[in-house]
Amino acid sequence: MQPTPPTDHHDRPTTPSRKLDNDVLFKGVICALIGAIILLAPYVSRSPGVQDLMRQAYIVGWFALVLGIAFLVQYAVRRNKRRVLDAETANYLEQNARQRKSSRRNK
């Protein structure tokens, strides 16, 4: 008896490319969140020392925010490519099945 492959919430087998895509999504969300926190911290903080420290780290905040957005864009592009490829594969398989049926009828 062979073990079944792990599945995600859509009951499709989890592939390495899907795991990499999810990893990119996770990195994007975390980086964008860190960047936003660093950029908003001077306005939320009550301590003048923390406000000054966070104002000095604004470059790091912008870098983290831009990096997070870049990861999210990369995730969206990968996901779109995978959807197109899945649709093309399904279309090909459907056409192939129709051709087999018509060739069986002609015999």
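In the block above lies the structure referred to throughout.
Throughout, residues of each chain are indexed from 1 in the direction in which the sequence is written. Local features in this predicted model are restricted to residues of pLDDT 70 or higher, and side-chain atom pairs are both shown and tallied only at a pLDDT of 80 or more, whereas totals for entire chains, interfaces and linings draw on every residue. Here the side-chain values reflect all heavy atoms present in the structure, with hydrogen atoms and water set aside.

Draft legend 1. Broad picture of a nonpolar patch on the surface. In this scheme, patches are assembled from residues that exceed 30% relative accessible area and form no salt bridge. Like charges are connected within 9 Å, while nonpolar side chains (Val, Leu, Ile, Met, Phe, Trp, Tyr) are connected within 5 Å. Each accessible area value is a Shrake-Rupley result obtained with a 1.4 Å probe; residue values ignore everything except the protein chains displayed when judging cover. Any Lys or Arg side-chain nitrogen located within 4 Å of an Asp or Glu carboxyl oxygen qualifies as a salt bridge. On the surface, Tyr58, Ile59, Trp62 and Val66 cluster together into a nonpolar patch covering about 460 Å² of accessible area. The numbering of helices and of strands both runs from the N terminus, where a helix is a DSSP run of H or I of at least 4 residues and a strand a run of E of at least 2. Take Trp62: it is sitting in helix 3 (residues 58-106). We call a residue buried when its accessible area falls under 20% of the maximum for its residue type, exposed when it is over 50%, and partly exposed in between, using a 1.4 Å probe and counting protein chains only. Exposure remark for Trp62: the relative accessible area of 48% places this residue in the partly exposed category.

Draft legend 2. Expanded view of the side chain of Asp21. With respect to the secondary-structure elements, Asp21 resides in helix 1 (residues 16-44). Polar contacts here mean pairs of N or O atoms no more than 3.5 Å apart (in protein, one a potential hydrogen donor and the other a potential acceptor; neighbouring residues in sequence count only if both atoms are side-chain atoms). A distance of 2.3 Å separates the side chain of Asp21 from the side chain of Arg82, its partner in a polar contact.

Draft legend 3. Examining the pattern of salt bridges more closely. Scanning all chains against the criterion turns up five salt bridges. Across the pair Asp21 and Arg82 runs a salt bridge, and its minimum N-O distance is 2.3 Å. Separated by 61 residues along the polypeptide, Asp21 in helix 1 and Arg82 in helix 3 bring together distant segments of the chain. According to the relative accessible area criterion, Asp21 is buried, its value standing at 6%. A salt bridge links Lys27 to Asp23, with the shortest nitrogen-to-oxygen separation between them at 3.5 Å. Taken together, the residues Lys27 and Asp23, both in helix 1 and four residues apart, mark about one turn of the helix. Judged by relative accessible area, Asp23 falls into the partly exposed class, the value being 35%. Each member of the salt-bridge network shares a partner with another, and the members are Asp21, Arg78 and Arg82.

These figures come from the coordinates and say nothing about function on their own.
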